[in-house]
Amino acid sequence: MTGRYIQKILVCCAVLLLACCVPAAAGIPGDTDGDTVVSEKELATAILDHLTAGRLSADELSLAAHNSLHLPYGQLVVAVAGDRYLIPATSYIDQKGVPADSLIYEGLVTKLRPKEGGPKEYLGWLAERWESSDDAMTWTFYLVRNAAWHDGTPFTSADVRFTYEYFRDHGNPDAPGAGAYLVNSAIFKNVASVECPDDYTVVFHMKSCAPLFPETLATGPGIAVFPAHIWRDIDLPSTYIDTAHIGTGPFAYGSTIPGTLSKVTAYEGYHGEKPYVREVVTKNYEDEDAQILALRRGDVDFISGEFGLSPRKAEALKDAPGIGICRIPSGGQAFEVAFTSDVYPATIPEFRRALSHAVNRERVCWLVGEGARPTETVFLLPALAGDQVNPATNGLFSYDIAEAKRQLARAGFNLTEENGRPVLLGPDGKPVEITIPLAGKASTNAVDQKIVAVLKEDWEGKLGIRIVETPQVDDSVYLDWIAKTAVHFDGMPGRWHEDIDRLDNFQRSPLGENYYHFDNETFNGLITELKSTADPDKREEIGFELQEILAEEVPCIPVFSQDAFMAYRSDRFVGWDAALLGGGGNIRLFSEIRPASAEVGLRA
Amino acid sequence: MNGIYLLKRLITSFAAFCIAVTIMFALLRLMPGDYITMYLEAIYRYAPPDVVEAFNHVYGLDRPILEQYVIYLLDAFRGNWGYSFIYKVPVLTVIGERLVWTLILLLPATILATLAGIGIGAYSGWRRGSKTDIALLNSMIIIRAIPSYWLALMILIIFAYYLNLFPLGGYVDTGALTTGIDPLDVANHAVLPVLTLFLFSVTGTYYLMRSSMLMTAGEDYITTARAKGLDELMILRKHALKNAMLPMVTLITFECAGMITGSIFVETIFSWPGLGMLTYKALAVRDLPLLQGILLIDTLFVIAANIAADLIYPLVDPRVQVGDDA
Amino acid sequence: MIEVTDLETCFSTGFIRRRVVRAVDGVSFRIEEGETLGLVGESGCGKTTLGRSILRLVEPDRGRIVVDGTDVTALSRSELRCFRPRMQMIFQDAYTSLNPRMRVRESVAEPLKIHRMGSRTDIDRRVRELIEEVGLNEEHLNRRPYELSGGQNQRVVLARVLALKPRFLVADEPTSALDVSVQAQILNLIRDLGHDYRMTCLYISHDLGVTRAMSSRVAVMLEGRIVEIGRTADVLDRPSHPYTRRLVDASLTGPCASLERLPLPAAPTTVEVRSGHWVEETV
Amino acid sequence: MHKKIVLAASLGIVFAYCAVALLAPVIAPYDPHAITGAPLSPPDRDHLLGTNDLAQDIFSGLIWGTRATLLLGFVGAAIAVTVGTAAGIVSGYYGGLIDEAVMRLLDVAMTIPIFPLLLILTTFFRPGIYLIAVLMGLLGSFQGVRLIRSQVLSLAVADFVVGTRALGAGDGYIMARHILPGVLPLAGVKFVTSAQHFMLIGIGLGFLGITDPSVVDWGQMINRASQNGAMILGLWWWLIPPGLAVTLISLALAWLGYACEDEINPRLRVMRV
């Protein structure tokens with residue numbers, strides 16, 4: 001029934017476009033010049049068309065008018081993989097403060113996805129601009145002036161101070177009852193006090209020099225600001241039943257049907273650019289395949305899998321009618337072969353260096369398929385970290401088995417043969433055997449198994465290192481496993497590879513041991529220095545030095561990074577690629593999408 | 001049915017519940033890489049020692065193991081089953097939301113399967129050896145032999161995607177967000193999952209009814225009745241049904257109790273937000289408190305079903321004295 | 001030879017809600033060496049339980065059993081097992097007395113094997129001897145119980161029992177399941193073999209005719225108690241207890257006559273009405 | 001007549017599977033773990049059923065997978081039946097307090113739902129294939145205890161058992177020589193039906209991702225195939241064969257079980273399939 005209706009509309013549109021002799025581009029009704037904007041003139045023409053010739057139906061005309069006047073129109077249905085991505089019907093504040101990817105709440109700043117090779121960019125959300133004192137001990141945020149909470153209460157600096165105080169007070173581990181502890185309170189740990197000189201200015205006084213305070217606030221989608229007038233009297237965030245979800249974002253909470261659907265509606269009083277769609281519905285499909293079927297059938301308009309669609313499925317969707325694919329470079333996970341530096345034979349730096357030449361990245365990428373890009377830089381991804389990547393460390397880990405053999409020999413390893421198979425004898429004269437635990441963060445799309453398959457060919461077949469795979473160990477014991485085994489795999493979302501500050505991943509202290517059990521005094525010291533350095537040039541220098549140490553010590557071997565794939569209905573909405581690639585917190589994503597088919601208006 | 005028997009049943013149930021709780025306690029505490037660390041790992045990349053310590057304190061993990069056990073046991077009886085890792089709300093809340101949806105699938109499927117199983121089984125047993133009987137028997141054997149999720153997958157693909165007759169998943173259409181949940185809409189979404197569950201459980205009832213018919217057919221009184229010229233089918237059905245009733249009630253009890261087994265595949269494939277899907281997700285992220293809750297709720301279900309069966313037996317067949325050991 | 005004193009056997013059912021049925025209720029009697037005591041009573045009166053209790057196939061709750069000078073009740077489990085060959089039992093239904101999965105040869109050899117009586121060839125020879133003694137021949141050895149008639153099966157059972165050369169035999173209505181024609185043969189066989197093997201015998205039956213033929217003394221059992229005991233002729237021809245009288249009357253009118261319940265005293269006393277003929281006093 | 005054909009066919013299939021499992025190294029053209037071609041290539045002469053996402057030969061995986069499935073089914077069933085029979089015999093033969101204890105224990109054990117418990121335990125321990133088989137066997141033995149016990153109860157009071165005891169036989173001897181043979185046919189049927197049941201459960205566990213990755217098994221293959229969008233991408237050669245393979249062996253065992261049941265319970269004997 002709907003299918004026939006789509007067909008009818010498509011046929012109508014085609015005839016219409018031909019009749020108008022306009023370049024045949026699928027687009028918004030009434031938009032005759034194809035710039036995806038319906039100008040007043042175009043709208044007027046459309047009205048006349050409708051009145052005189054009936055070329056545009058009433059629904060299409062309505063769509064054209066909404067677009068022209070920038071009034072929210074229609075319903076956008078987004079598929080999510082798991083009901084934890086739905087807005088819960090009850091309390092919204094969890095231990096992190098606020099769920100990720102929220103369209104309802106906003107923080108002060110958010111971080112944009114960096115352009116390839118470009119510098120870091122922040123986007124003001126509730127803060128218009130911000131500045132710090134020279135010693136980075138004081139941060140001042142100037143707030144937007146026209147923002148209001150969804151219930152109409154004006155947003156002021158008092159809300160920001162309240163949020164800080166709420167985190168501070170409820171970050172107390174001795175707070176009664178499980179779940180009362182707000183984990184993100186750690187983010188404000190360094191804040192000594194917050195001051196509000198006026199309604200639209202907030203001053204954070206830091207305990208120690210904090211040149212990266214906005215960065216901290218922008219972690220994830222950003223730390224959300226809570227409405228003080230609602231949360232003031234709530235002692236236990238975990239037991240409070242919040243059914244209103246009052247925020248300041250472009251969308252306000254609509255309704256939820258637990259486990260399957262939730263809805264937000266455009267907030268007319270939004271302080272920034274108003275959304276073009278009136279409703280965003282999130283629909284839960286547990287299975288990625290069901291998402292794809294639903295997109296094809298037109299039940300949903302946007303799918304992204306859990307860590308982006310699998311490349312092969314994205315590939316297969318490419319030619320489907322009315323469906324578009326967006327690829328975000330390095331937007332998926334980045335994978336590495338990680339060493340546990342205190343487990344033999346990974347204790348020997350030469351061994352680690354030798355093996356860094358024995359990872360056939362091209363072959364792994366070939367197995368993984370479209371969208372996997374080999375990476376040889378130290379930890380930071382050039383596509384994300386841009387100019388922070390030290391060019392001197394590029395290409396140091398090229399695939400070269402002969403070189404690997406040479407270095408192993410130099411380190412005292414002895415390659416012999418037994419029953420026609422190569423066997424590597426360690427400096428102690430015993431055959432080298434490595435256990436690799438599977439699962440953990442690299443198990444998405446079975447990437448860990450793919451890397452093992454390729455490593456087995458080289459390490460086992462050519463270098464004589466016996467590889468023992470463990471059964472798929474579950475997450476609860478995985479940490480124990482990697483502490484006991486010399487080699488494991490790790491897969492981290494792109495944002496862990498985009499900034500030199502993330503190199504603290506290799507630092508020992510203050511958080512204790514790192515995943516790699518890597519402990520280099522110079523490195524640890526440099527990280528501490530980096531954290532309190534405000535001067536960009538100085539920071540870059542330290543960053544380069546850190547990368548050189550890593551390149552020398554090889555606590556991990558980078559393998560590849562994966563592009564993220566998403567699919568959408570290009571016949572119903574326009575503006576996808578720009579919005580998706582343009583980056584920014586997801587909060588802006590659905591504000592920029594514009595309805596292009598009257599059908600989306602009929603759904604709501 | 002008497003007081004002492006009921007008491008015995010209650011003691012058994014109580015013991016079963018305690019054992020289930022104990023198993024979960026042992027698993028949680030034996031778990032290498034304790035679960036607080038794991039929990040925090042999901043949020044931070046590291047688990048800062050001071051935070052771990054604070055959490056251990058809040059969860060009472062720094063107390064002696066016996067004290068922990070007693071607290072745990074008491075909590076389990078109080079309905080305080082801990083917090084789910086993924087949902088970060090009390091386990092019982094999560095389960096409560098899902099339970100009703102599982103029942104929506106399970107009840108119609110079980111009732112239909114029982115009725116149909118009795119009907120087809122009786123017919124098959126009556127016409128024993130006939131072509132229809134053989135065909136029915138074989139098709140039941142085949143249905144039973146197909147892996148359940150495979151069947152569910154095929155049903156989804158054929159009826160929902162290719163024939164486009166039913167929704168692909170979920171339990172309501174997006175319209176429900178504005179208009180509220182429409183029972184008809186839910187029914188439309190439930191057709192395929194109920195069909196699949198129906199196929200899973202109809203075979204059991206069918207087997208039981210058919211063999212009861214066959215057993216009854218060999219009884220002397222049937223031969224006598226036949227000799228007297230009474231309607232064979234009617235007598236057969238009456239007696240066979242009576243004989244099959246007791247095991248049937250047991251079977252249905254078990255089917256209800258084992259609801260998670262069947263629904264885990266069906267609900268996952270049809271995106272039906274019941275207990276089965278919850279189990280699947282809890283498994284995927286090893287959400288042990290949630291898995292524990294599911295085990296406990298299922299145990300409670302078995303207990304309830306057993307007691308219900310005890311109450312139903314005498315209604316079905318007054319000759320049966322439940323709890324009569326002699 | 002056999003002396004039973006104040007034997008009591010109870011069955012209890014249920015674990016929590018215990019219900020006690022006193023199947024044998026304070027029975028005492030003696031059987032002299034080589035003598036056959038007949039035990040009569042209607043079904044359900046505890047005859048079989050008494051028989052089994054004496055052999056400790058059912059554990060008695062109280063009382064003393066002396067067989068051949070040995071206090072059976074005092075034996076430990078392993079001692080009992082060693083003692084068992086001296087006392088044996090034949091059951092009512094010959095079919096169920098033999099394991100349907102075993103050939104006759106195995107069944108007959110089984111007691112010899114259990115007690116490791118001789119080498120394999122010895123056992124084999126003994127089995128052949130036995131099977132001929134009970135009136136069968138070697139070709140029956142390879143048959144299974146369902147390939148034999150009831151009478152033949154009972155002969156096999158007898159052979160199996162005799163393999164151990166028991167001193168005491170409890171025969172629990174061994175012919176009641178057989179045709180009348182076969183009955184006589186088996187009865188004769190039991191009597192003859194009993195004589196040959198010099199066995200003391202407790203012959204349980206509800207058939208007064210058979211009892212008369214088989215036993216020199218008779219005990220009458222009612223609701224777990226022996227109400228009358230004495231020489232066969234004394235008891236059956238001049239019954240003193242009302243129950244015995246009814247039993248005798250019933251056997252004359254036909255087996256179908258049902259026996260009404262008799263009121264029994266709670267603490268009965270026994271009186272000797274003539275030498276060796278004891279009767280329980282009635283109200 | 002027809003029944004014999006079905007019986008023969010079922011036995012044939014079971015034996016064929018066993019043969020394939022035993023001869024896997026000979027039959028399978030490739031090591032099922034090795035990268036042998038391009039990933040996700042369709043069937044051709046080199047790869048009879050194409051390759052999977054790891055570029056492993058699916059046909060070889062199918063052949064090797066027979067081992068895991070049969071192992072899960074048969075080892076699990078053997079454990080279940082052995083434990084069930086042993087406990088059933090002891091409980092039914094001795095009766096009294098032992099029986100009471102076993103039955104009450106069973107009441108409790110049967111109240112705890114087996115499948116969720118199996119899921120939790122296999123998730124908790126590292127899921128090696130033998131561990132899964134043993135857990136499945138142990139948890140699946142409860143029903144068998146009841147079944148066997150009820151049979152033993154009637155056997156234990158049979159005259160030939162009492163008679164043998166009167167002969168001076170020990171309990172061990174009686175249970176081994178007289179009781180056990182009596183329940184063996186029933187245990188045999190239970191074995192066949194349990195094996196079928198456990199194979200399906202094993203495949204189900206594989207589908208839920210609870211498997212031993214060092215072993216190729218069909219559940220894992222189906223899981224992998226459906227996780228990697230075999231359905232969406234139309235890779236039938238990856239998704240269909242393992243499913244068919246399971247269905248076939250399960251069907252053969254089901255028929256076998258039915259035929260055996262028919263044999264030991266003659267009153268059901270009307271099957272002329």
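The preceding data block contains the structure.
Rules used throughout
Residues numbered from 1 in each chain as written. Chains lettered and ligands numbered in written order. Predicted model: local features only at pLDDT ≥ 70, side-chain atom pairs only at ≥ 80, totals over all residues. Heavy atoms only, no water. Helix = DSSP H or I, 4+ residues; strand = E, 2+ residues; numbered from the N terminus. Contact = heavy atoms within 4.5 Å. Areas by Shrake-Rupley, 256 points an atom, 1.4 Å probe, with all protein chains shown as cover. Buried area = accessible area lost by both parts, 1.4 Å probe. Salt bridge = Lys/Arg side-chain N within 4 Å of Asp/Glu carboxyl O. Nonpolar A, V, L, I, M, F, W, Y, C, P; charged D, E, K, R; others polar. Axes fitted to C-alpha atoms, helices over the stretch in contact; angles between N-to-C directions. Parallel < 35°, antiparallel > 145°, perpendicular 65-115°, else oblique. Left-handed = near helix turned anticlockwise from the far one by under 90°. Patch = residues over 30% accessible without salt bridge, like charges linked within 9 Å, V, L, I, M, F, W, Y side chains within 5 Å. Lys, Arg positive; Asp, Glu negative; His and termini not counted. Charge placed at Lys NZ, Arg CZ, Asp CG, Glu CD. Pairing = 2+ DSSP bridges. Expected span 1.5 Å × (residues − 1). Buried < 20%, exposed > 50% of the residue type's maximum accessible area, 1.4 Å probe, protein only. Arc of directions from axis to C-beta.

### Brief notes about the overall build of chain B
Scanning chain B from N- to C-terminus turns up 14 helices and zero strands. Ordered by position from the N terminus, the helices and strands of chain B form the series α-α-α-α-α-α-α-α-α-α-α-α-α-α. For chain B, long-range pairs separated by at least 24 residues make up 72% of all intrachain contacts whose partners lie at least 6 apart in sequence. Split by element, the accessible area of chain B, about 13300 Å² in all, is 69% carbon and sulfur.

### So, the interface of chain B and chain D
Contact with chain B, which involves 54 residues of that partner, is made by 42 residues of chain D. Interface of chain B and chain D: buried area, both sides summed, is about 4200 Å²; carbon and sulfur atoms make up 79% of it. At the boundary of chain B and chain D, one finds zero salt bridges. Of all elements in the fold, only helix 1 (3-30), helix 6 (131-145), helix 7 (148-162), helix 9 (183-217), helix 12 (259-269), helix 13 (275-284) and helix 14 (288-316) of chain B reach the threshold of two or more residues within the side of chain B that touches chain D. It is helix 1 of chain B that contributes the most residues to the side of chain B that touches chain D, ten residues altogether. In terms of residue class, the side of chain B that touches chain D is built from 37 nonpolar, ten polar and seven charged.

### Regarding the packing of helix 2 (residues 40-52) of chain A against helix 3 (residues 58-69) of chain A
Residue and element names in this part refer to chain A. In contact at an axis separation of 10 Å, helix 2 and helix 3 are set at 165 degrees when each is read in the N-to-C sense. Classified by the angle between their axes, helix 2 and helix 3 sit roughly antiparallel to one another. Every pair of crossing elements has a handedness; the one defined by helix 2 and helix 3 is left-handed. Between helix 2, through E40, L43, A46, I47 and H50, and helix 3, the contact on the second element is made entirely by A58, L61, A64, A65 and S68. Among the residues making up the contact of helix 2 with helix 3, the classes are represented as seven nonpolar, two polar and one charged.

### Considering a negative patch on the surface
A contiguous patch of negative charge, built from D387, D535, D537 and E540 of chain A, is present on the exposed surface. Tracing the chain through its elements places E540 of chain A in helix 16 (residues 536-553).

### What about the sheet that holds strand 4 (residues 127-132) of chain A?
Residue and element names in this part refer to chain A. Across the sheet, four strands lie side by side as 4-5-7-6; this open sheet has antiparallel pairing. Two strands close off the open sheet at either side, each with one partner strand: strand 4 and strand 6 (191-198). Along the sheet, successive strands turn relative to each other by an average axial angle of 20 degrees, direction set aside. Strands strand 5 (138-143), strand 6 and strand 7 (201-206) of the sheet are contacted by helix 4 (residues 157-170), whose axis makes an angle of about 165 degrees with strand 6.

### Describing helix 6 of chain B
Each α-helix turn comprises 3.6 residues. Residues three or four places apart therefore point the same way. Its 15 residues give helix 6 of chain B an end-to-end C-alpha distance of 21 Å, which sits within 8% of 21 Å, the value for a rise of 1.5 Å per residue. When we look at burial in helix 6 of chain B, the residues that qualify are D133, I134, L137, N138, M140, I141 and A145 of chain B. Each buried residue of helix 6 of chain B lies within a common arc of 160 degrees when the element is viewed along its axis, so the set occupies one face. Residues of helix 6 of chain B that are buried make contact with helix 5 (91-126) and helix 9 of chain B together with helix 9 (171-207) and helix 12 (236-264) of chain D.

### Some remarks on unusual backbone geometry
The step from Y344 of chain A to P345 of chain A runs through a cis peptide bond, and the omega angle for that step is 0 degrees. The residue P345 of chain A is located in the loop between strand 13 (333-339) and helix 9 (349-355) in this model. Phi at N419 of chain A takes a positive value of approximately 50 degrees, unusual for a residue other than glycine. Positionally, N419 of chain A belongs in the loop between strand 15 (414-418) and strand 16 (421-425). By relative accessible area, which is 79% here, N419 of chain A ends up exposed. Positive phi, close to 55 degrees, is recorded for N164 of chain B, a residue that is not glycine. Examined against the element boundaries, N164 of chain B turns out to sit in the loop between helix 7 and helix 8 (176-179). Since its relative accessible area comes to 47%, N164 of chain B is described here as partly exposed.

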